[in-house]
Every structure is written in C-alpha cells, then in structure tokens.
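The chain contents come next:
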Amino acid sequence: MYKRQAYAGARRRYGADLCESVVERLEHELGIIDRMGFAAYFLVVRDIVARSPRICGRGSGAASLVAYCLSITNVCPIRHNLYFERFLNPGRTDPPDIDIDFAWDERDAVLADVLARHGAHAAMVCSHIGFQPRMAIRETARVFGLAEGEIGRVSRRLPWFWRAVGAGEDLLQRLKGLPELGGIDFPQPWPRIVGIAQRLIGVPRHIAVHPGGVVITPEPVAAYVPVQPAAKGVPVIQWEKEGAEAGGLVKIDLLGNRSLGVIRDALANLRRNGIAFDEAHWDPEEDPATRARLARGETMGCFYIESPATRLLQQKTGVGDFEHLVIHSSIIRPAANALIREYVRRLRGGAWQPAHPLLADVLAETYGIMVYQEDVSRAAVALAGFSDVDADGLRKVMAKKDRARRLEDYRQRFAAGARARGLSAAQIAAVWKMMLSFAGYSFCKPHSASYARVSFQAAYLKTHFAAEFMAAVISNQGGFYSTFAYVSEARRMGLTVRPPDVNRSAVRWQGRGRALRVGWLSLKALGVRTRERIVAARRQRPYIDIGDFLERVRPDDEEARALVHAGAFDGLHPGVSRAALLWEVARWQGGRQRRSAAPELFGRRPRPQPPDLPPETEIARLRRAFAVLGFLCDRHPMTLYAGAPALRGVVKAAALAQHAGRQVRAAGLLITAKVVHTRRGEPMEFVTFEDETGLVETTFFPAAYRRFCTLLDRSRPLLLEGRVEEDFGAHTLTVGRVAPLAAGAGA
C-alpha cells in the first residue's frame, strides 16, 4: 500500500511520466524502508500530516524522496542533492524520527487528535528537568522564607545560560563575580542559600512533557514503558527521548511553528482583500525581488533568518539564492564563528584549497568548509576509512553534552585512519578542528533546506505584500523581536500604522494596500471576551458614539480607559480631547452603578455635556498611548528626544555606514540582545538598538559589558559611543561607553 501511495505522490510532484532518476531513487528508498520495517511508520506520519493544510517536515527525514512524495516534507531531495542515508541506512541500529512542524496555534489540536485516535497505543515523551542555577537559588530562597521581591532582586539578574559550576568551584564567588550582579552584596542567609543551591544543581526536579515527541506502538504503550498522566492531561512515558530510542520506540516529533501561522494568516488576509493567490504553483525561490531582499539582509519577520547574526551574514555575502540560504541556515551555530568569516572570504572570491584532496568533492558546494552534520560523517569515511555506522556515531557524539570521553576515542581512531591515508598531522588537526565546530547544536542539510523553504515564503510575502505580511507577523505574537520592533520595521518599509478603531479593528492586525490596522490583541488590558464582544456587537451595527459602545460592549473600567488612551474612539469623536472621553467613561461607570441600585422611572436622562477640562499636552497623550500599546502608531519614540542637547552630533542609524573606521556617538532603544562567552569564559554581548531611521548592531566586548551591562534595558533610550566597524560591507558599532539619554524639550 505505501509503495502505491508513494508512486501516486511522485506523479503529483513530478508529472505522470516519471524520469529515471526519480524511479531509481524511489525504488532504492522503498527497498531500504521495507527491509528495515518502517513502512507502517511512514503511513502513520502521512495520516497525521494529511489532516493539516500547512506543515513543514524537517530534520533528516526531509532527505527522503518517499517522504516528499507522501507530502510529509516539502523540499525535493533530488533537486537539492539531499543525502537519504543520513536519515536511514541498513547499518543504523536506532530508529529514525521524523519532525513535523504545524502552525503554532494548531499543534495542540493535532496532538489531541493523534492521542485520541490511537488511544492507549500513543503517549508523549517526557523530559527530565533538573535544577539549574537560577531555579536552585529561587527554590532554596523560598524555603528560607525570603520574600519574592528580595529573591527576584538576585534571580532576575542572573543570566539564563551560563557555564556550569565545576568541581571544587564556589557558586557564591561565581555570583559575586558576575557583572550583572554588580552592586549586590550577599548578607546572611544568602551564603547558606547559595551553598545549598549549589548542591542541588543537576539534581532531577520533575518530569515535564517533551515539546512534541510522540510514540505510537503496536501494543498499548504501557506494555513497553511506564506511563503516567502529565499535569496538562496527556499520557507521558517516563523515559526521555534518548531512552525511548534506546528502547526501540519510534518517535514522531509534532511541533509548533509560529511562521507557519504567519504565512497562513498573510495569505488569508490577501484573500479577504480580494487578491487571488495561486499557492499550488508558488515558487518563491525563483523570485528576483525576494532574492534581492535576502541579499540585503532585510529580513526582519522572516522565519529563521531575522536574527542579527543571520541578517549580518546575508549582508556580508550579498547573495540571496536558495542554495546559499540553506548553507547560511546551518553555518550559524555557536562554535563556528571563525569558519563563518572564512566562508564569507571564500564566497566573495578569496583563494582556497580543500583541507585535503579527498575532501574536494565532499565539501565542494560549501567552499571546502564543513557546514552540515553529514559533512562530519562523510569526511570521516573519506579521510579515515570509517564505516557509515561509525561515521554516524561520530556525528551523534559531537552533539552530546557528556561527549568528552567518547569523543577522545573517536579522535584517536580518526587520526589513526587519516594517517594511514597519508594525511599530515597539520591536516588532521585542521579537519578535526572543523569537526569540533559542530559541538552543541547543528543542522543537517535536509533540515536547513526545509527551513529555507519557509524562509523564502516569508521573504516573498514581505517583498510583495508587506502590509498583510507584517500584520500576520505581529498577530502571531512571536518571532525574534517585540511588537514594538516590528511596528518600527513596518514604518521603515513605508507602511502607515493606523491606530485601533472600535468600528474598524479586528482582534488580529489587518493589512491592506500600504497600511496596517492595529488589532485588539495589542491592547494588553483588553480581555479575550471583551475583544470578541467588540467585534460581535459591531457586526449587528456600527457604534455611533462612545456611549453606545459602552452600553453594548460593557468593558470594565481599566479596559475602557485603555481604549481611550489607545485612540480607539478618535474616529467617533474627531477633535474631542481624550480627557473628555475619559469623563464619559467615568459618567457611564457611575450611571451603571446607579442603574443597578435603582431603575430609571422616566426613561434615560439627557446626556450631560462634559465640563471644561484642562487641555492635554501632546507628550502626555503619547505617553499614555505608549503605556497601553507598547508602541506609537504615527512616530518612533526617539523623535520625542529631538531637542535633547546630548543628541547634538549624534549619527543616525541610516548614516552609520558613512563613518566606517571612526569614533561616533549614536542613540537608540534596545530591541534585542544576546550574551555569549569568550574562549576564556568572559561574558560579552551583542545588542541591537534602533532609532527612527534604522537598526544599529553593536558589540559590547568583556570590558564594556562588565562596566555597562546594568544599564542595558528596554525602558529608556541610551546614548552610545564607539567605533564603526566594517566587515565585508556590513557595519557594526563596537561600544566603549553608554549613558542614559536625557529627555528632550518635548519629552
């Protein structure tokens, strides 16, 4: 049955007359799948994805032509030269797993459906949660009876990710040495708290549900592994994914992806606007305008390629085709910084030779640099004579946290095999160093290709339907940046951001033409039911004034005030001050209380006119709008500081490239940041700021980070001093000094 369905899918993908390469690849894969007993696995996964209109099959499974023909994945493995044996080969002893992304807000329904249909034969995989430093300190401090405020004063300033405490190392001394905790002393009982917390680090705390791992078994799951109900109500096995794989259980990962929701909503918005869109024949990878946007790194909001590091890489390379985007999606990894720079140099025409002639074909498409997980395996086979099984074992151990002992054994075997094939000690060291760049997380090429497909779809929509796309990005409330940053990006693209309006806004943001309309979900004070009542009551008839709205929707006091401050009634009452509208809210609230105490005997009283109220200053109005929305619709907050004396001589973000190699002063609001550690273990930070003209990517090296890290927050603009650096056409600011920016005359 699965063979018949695979061939039917192949004809849908490639046409009725299948070429020889497709038939040969299909027969090769079908034979391996059949011999290894995984045919039913493919059919189960196909049954799951068939119930969802939009998925992203990823991981090594995307290298399978059978999976592509069964619509489990969306990237052609023949066209993109994806290596099936990375996913499944006769020597593989552990079962494969297929990762499927669904729209983030549809995933729970998919999981519920799978668990309901398979009953006792399905359960989710668990995660064993151990105490981490932050958690251990918080839990211990609670036992000591400390107030939440006092605990938070310390725990909130701890970095989320930091080097593990080594044997014989004192956690309290580590805390005192953290720049983020500068100025905090640790009186009793903190030394005792930290001492106990140190002993808890790594100790199991509880079992959690894996983000999406599901096992489906021929017999009830409890016949293979202990099962317990999780707090969220789903059955969960007591083994983690490694234990499940070792026990022979086949896992399917059903995960949520916000960008699939973004693409879905943008296309739905287009259709509501009367724009026909033929998704069946959509090939965004071939669109020149989309490629040009990618080459410029203008990808905020685009799945997986919107981080500062990836945008800078796109700018440095200046290429936007699919093949290079697949490389870029994989080469951005923590241990590969040196390789990234060498990759850019080679891509831009720099001379290079492979580390050894035997690697020339293996790494030809990536300029002689290991980019994908399977490059490790293929290099081990080519240079050291590893079998496919041993090479795959080396690849796997690279990603393990406890890899040191086993990795040394592999290193010795690799060196011995490479020496036997004539490699010099220097060549062996160079190749092994490249392999070590895969420590921690890294991707295989099929995974990167699957992600790049979604990235291209997002970039295409941003290029050709900017309003609909940005509305969908903000409505899905995810991504790398905040709503504030995405609103700024929309304005930089020339879009008009229209304020919420009781007669026009929907729950989600809407785009049309060159304008966005704020959705009710951006008013955090509005409850979900109130948002729905606003839209439902309006379907019956439009609101005629604020009184009509209040009577029909009946928001609470906080909600009504937030609507006023956001400008939601300005369309009904043009020219009326918001102070007068707040008076109407207060009058209505008072009248509602009186009506609940005693009914009106002679009908509604005439509506009184508001008294003379003091005029509201523009800055006060903008501050209140910002407080309820988190952004300003018609301007960037930095414009309010235009009169600040400290801004004289400041270089705007859009002009930064003109000052390469010079010391400058810049100013902006922090929108995202990432702390990393140098080889010596010192913290440093990459921070993105923005002003009204663009983004400023900055670097705080350890000395600057230690001195200024406590000033870096999103609550206020900062004045930056530093040197503009240029690297392959991309510009950043190396910061040497930071100061809060004093308000201007208008702010």
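What counts, and at which threshold
Residues numbered from 1 in each chain as written. Predicted model: local features only at pLDDT ≥ 70, side-chain atom pairs only at ≥ 80, totals over all residues. Heavy atoms only, no water. Helix = DSSP H or I, 4+ residues; strand = E, 2+ residues; numbered from the N terminus. Polar contact = N/O pair within 3.5 Å; in protein donor to acceptor, adjacent residues only side chain to side chain. Contact = heavy atoms within 4.5 Å. Buried < 20%, exposed > 50% of the residue type's maximum accessible area, 1.4 Å probe, protein only. Pairing = 2+ DSSP bridges. Arc of directions from axis to C-beta. Phe/Tyr/Trp six-rings, centres within 6.5 Å; stacked < 30°, edge-to-face > 60°. Lys NZ or Arg CZ within 6 Å of the ring centre and 35° of its normal. Axes fitted to C-alpha atoms, helices over the stretch in contact; angles between N-to-C directions. Salt bridge = Lys/Arg side-chain N within 4 Å of Asp/Glu carboxyl O. Core = buried A, V, L, I, M, F, W, Y, C linked by side-chain atoms within 4.5 Å. Disulfide = S-S within 2.5 Å.

Participant: Describe the side chain of Arg311, with residues and values.
Facilitator: Tracing the backbone shows Arg311 in helix 13 (residues 308-317). A polar side-chain atom of Arg311 sits 2.7 Å from a polar atom in the side chain of Glu697. Those residues in contact with Arg311 that lie beyond four places of it in its chain are Gly297, Thr299, Met300, Ile305, Glu306, Tyr481, Thr688, Leu695 and Glu697.

Participant: Talk me through the pairing of strand 1 (residues 55-58); I want residue IDs and the actual numbers.
Facilitator: Every second residue of strand 1 is oriented toward a common face, with Ile55 and Gly57 on one face and Cys56 and Arg58 on the other, all of them buried. Here strand 1 runs beside strand 2 (residues 98-103); their pairing, made up of four bridges, is antiparallel. Residue pairing for strand 2: Arg58 is matched across the bridge by Asp99.

Participant: Talk me through helix 7 (residues 148-155); I want residue IDs and the actual numbers.
Facilitator: For helix 7, the full list of buried residues reads Ile151, Gly152, Val154 and Ser155. The buried side chains of helix 7 occupy one side of the element, clustering within an arc of 160° when seen end-on. The inward-facing, buried residues of helix 7 contact helix 6 (133-143) and helix 9 (190-200).

Participant: Quick one: what's the story with the packing of aromatic side chains, residue by residue and with numbers?
Facilitator: For any two aromatic rings, the description comes down to two numbers: the centre-to-centre distance and the angle of the planes. Within the structure shown, the criterion is met by 26 aromatic pairs. Taken together, a centroid distance of 6.2 Å and an interplanar angle of 80° make the contact between Tyr41 and Phe42 edge-to-face. Taking relative accessible area as the criterion, Phe42 reaches 1% and is therefore assigned buried. Centre to centre, the rings of Trp509 and Phe631 are 5.6 Å apart; their planes meet at 50°, and the pair counts as tilted. Separated by 122 residues along the polypeptide, Trp509 in the loop between strand 8 (496-498) and strand 9 (510-512) and Phe631 in the loop between helix 27 (618-629) and strand 11 (663-677) bring together distant segments of the chain. Assigned by exposure class, Trp509 and Phe631 land together as buried. Taken together, the aromatic side chains of Phe38, Tyr41, Phe42, Phe84 and Phe87 make up a single cluster linked through ring pairs. Positioned above the aromatic ring of Tyr68 is the side chain of Arg13, whose terminal nitrogen or guanidinium carbon lies 4.0 Å from the ring centre. Here the guanidinium or amino end of Arg258 rests over the ring plane of Trp104, the centre of that ring lying 3.9 Å away.

Participant: Can you break down the sheet that holds strand 11 residue by residue, with the values?
Facilitator: By way of backbone hydrogen bonds, the strands of a sheet pair with one another, either parallel or antiparallel. Here five strands make up a closed barrel; going around it, the order is 11-12-13-15-14 and the pairing mixed. Averaged over all neighbouring strand pairs, the angle between strand axes comes to 50°, with direction disregarded. Here six bridges tie strand 12 (residues 683-690) to strand 13 (residues 695-700), and the two strands are oriented antiparallel to one another. From the neighbouring strand, Thr688 faces strand 13, where its bridge partner is Glu697. Set on the sheet, helix 13 makes contact with strand 11, strand 12, strand 13, strand 14 (718-727) and strand 15 (730-740); between it and strand 15 the angle comes to about 140°.

Participant: Which residues make up the pattern of salt bridges, and what are the values?
Facilitator: Tallied over the entire structure, the rule returns 56 salt bridges. Put simply, Arg138 and Glu148 hold a salt bridge, and the shortest N to O gap is 2.7 Å. Placement of the pair is Arg138 in helix 6 and Glu148 in helix 7, with a sequence separation of ten residues. By relative accessible area, Glu148 is classed as partly exposed at 41%. For Glu286, the salt bridge identified is with Arg291, shortest N-O distance 3.8 Å. What emerges from the salt-bridge pattern is a single network uniting Asp105, Glu106, Arg264, Asp265 and Arg508.

Participant: Could you give an account of the nonpolar core, with specific residues and numbers?
Facilitator: Within the largest apolar cluster, 136 residues are counted, with the highest numbers of intra-cluster contacts made by Leu394, Met435 and Trp509. Looking at which element gives the most residues to this core, the answer is helix 20 (residues 445-464), with nine residues. Membership of the second largest hydrophobic core comes to 45 residues, among which are Phe38, Val45, Cys69 and Val110.

Participant: So what about the sheet that holds strand 10 (residues 515-517)? Which residues, and what values?
Facilitator: Taken in spatial order, the three strands line up as 8-10-9 in an open sheet, and their pairing is mixed. Two strands in the sheet have a free side with no partner beyond their single neighbour: strand 8 and strand 9. Put simply, the sheet's adjacent strands are angled 20° from each other on average, direction ignored.

Participant: So what's going on with the state of the cysteines? Which residues, and what values?
Facilitator: One pass over the full model with this rule turns up zero disulfides. Of all cysteine sulfurs, the one in Cys76 lies closest to Cys69, which takes part in no disulfide; the gap is 8.3 Å.

Participant: For the side chain of Ser475, give the residues involved together with the corresponding values.
Facilitator: Summarising the element assignment, Ser475 is placed in helix 21 (residues 466-475). The contacts of Ser475, once residues within four sequence positions are left out, are Arg508, Trp509 and Leu521.

Participant: Let's hear about the environment of Leu325: which residues, and what values?
Facilitator: Note on placement: Leu325 falls in helix 14 (residues 322-331). Judged by its relative accessible area of 2%, Leu325 is buried. Distance in space between the C-alpha atoms of Leu325 and Leu294 is 8.5 Å, their sequence separation being 31 residues. Leu325 has contacts with Leu294, Ile305, Gln314, Ala452, Ser455 and Phe456, leaving out every residue within four places of it along the chain.

Participant: Outline unusual backbone geometry, supporting the account with residue identities and numerical values.
Facilitator: Note: most peptide bonds trans; most residues except glycine with negative phi. With an omega of 10°, the peptide bond between Gln188 and Pro189 qualifies as cis. Positionally, Pro189 belongs in the loop between helix 8 (171-177) and helix 9. The phi torsion at Ser71 lies on the positive side, around 65°, for a residue other than glycine. Assignment of secondary structure puts Ser71 in the loop between helix 4 (65-69) and strand 2. The phi angle at Arg554 is positive, at roughly 55°, despite the residue not being glycine. By the secondary structure assignment, Arg554 is in the loop between helix 24 (546-553) and helix 25 (557-566). The class for Arg554 is partly exposed, based on a relative accessible area of 38%.

Participant: Describe the pairing of strand 2, with residues and values.
Facilitator: With respect to burial, strand 2 is a largely interior element, six of its six residues being buried. Looking at chain direction, strand 2 and strand 7 (residues 251-257) are connected through six bridges and run parallel. Its bridge partner lying in strand 7, Ile98 is registered against Ile252.

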